[in-house]
Amino acid sequence: MRARMVQRIAAQGVADAQVLAALGAVERHRFVDSALVNQAYEDTSLPIGLGQTISKPSVVARMVELLLGGARDAQGRLGRVLEIGTGCGYQAAVLSRVATEVYSIERLRGLHEKAQGNLRPLRLANVHLLFGDGMAGFAKGAPYAGIIAAAGGEAVPAAWIEQLAPGGRIVAPSQMPGGTQALVVLEKTAGGLQRSVLEAVHFVPLKSGIA
Ligand code: SAH
């Protein structure tokens, strides 16, 4: 079922072999409640508790592919990555296969602990789960080759831009003037920040503070 999910994602236009291999390797059914296991490989977001959702696999693939479009090392890997919104930890596990280090921050203690429980058996030594408000980024891990947000705000916080390495990329859902949400890519180039607005998306809101 997972292999078929990857085939469908490839057919939708995701071409990066590393991204497809990562989605093929991470067992998404381990990250959802037992009642939802039979939907784990459908291309749909699913509830993970506390009003939050695990993102659609095709959207995870698309965003990680965009993130990898930035600077990579000689092995084709991305350096340190910051994820805002750990949720159940699924995307952090996917990122652990394409980046050297993954810092993932979650503002809801219940989900931070759920992700710890989901990821512990996978023993991913390069994933660091943090509890806190990701609007401030995580300065101790900076600079990041990539920053990826799983929740959408009005504007990309200044802290993320400060903590981004030269050549690095931010991939984040962002609110557009009409109130809709779109995927935004910011790239830190020698000539300044380059912003591209891509397709419409539907993410849970980026909120400040912890709970
Ligand atoms: N990547 C997750 C998706 C979780 S949904 C997964 O694979 O399951 C997005 C998450 O962002 C929610 O858990 C929400 O609580 C969290 N979030 C929203 N605002 C945040 C903030 N300011 N800092 C950290 N996490 C935040």
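Residues numbered from 1 in each chain as written. Predicted model: local features only at pLDDT ≥ 70, side-chain atom pairs only at ≥ 80, totals over all residues. Heavy atoms only, no water.

If you look the protein chain up in an unreviewed UniProt entry, it shows as Protein-L-isoaspartate O-methyltransferase from Ramlibacter tataouinensis. UniProt, in its Subcellular location (unreviewed entry) section for the protein chain, records the words "Cytoplasm". You can read under Sequence similarities (unreviewed entry) in the UniProt record for the protein chain the words "Belongs to the methyltransferase superfamily. L-isoaspartyl/D-aspartyl protein methyltransferase family." (UniProt positions renumbered as here; feature names shortened; annotations may be inferred.)

**Q** Explanation requested: the layout of surface pockets in the structure shown.
**A** Rolled over the atoms, a probe with the dimensions of a water molecule shows which regions are left empty. Roughly 620 Å³ of volume is contained in the largest pocket. Surrounding the largest pocket, 38 residues form its lining, T53, A150, A151, F203 and V204 being those nearest its centre. When residues of the lining of the largest pocket are traced back to their parent elements, those giving at least two are β2 (52-54), α3 (57-68), β3 (78-84), α4 (90-95) and β4 (99-106). The biggest single contributor to the lining of the largest pocket is β2, with 3 residues. (1 Å grid on protein atoms, 1.4 Å probe; cavity = no way out; pocket = protein on both sides within 12 Å on 5 of 7 lines; lining within 4 Å. Points joined across faces, edges and corners; volume = space filled by probe spheres on them. Helix = DSSP H or I, 4+ residues; strand = E, 2+ residues; numbered from the N terminus.)

**Q** How should I be thinking about helix α5 (residues 109-119) in this particular structure?
**A** Count 3.6 residues to each turn of an α-helix, and residues three or four apart come out pointing the same way. Considered for burial, the residues of α5 that qualify are L111, H112, A115, N118 and L119. In an axial view of α5, the angular spread of the buried residues amounts to 125°, which keeps them on one side of the axis. In this structure, the buried side of α5 is in contact with β1 (46-49), β2, α4, β4 and β5 (127-131). (Buried < 20%, exposed > 50% of the residue type's maximum accessible area, 1.4 Å probe, protein only. Arc of directions from axis to C-beta. Contact = heavy atoms within 4.5 Å.)

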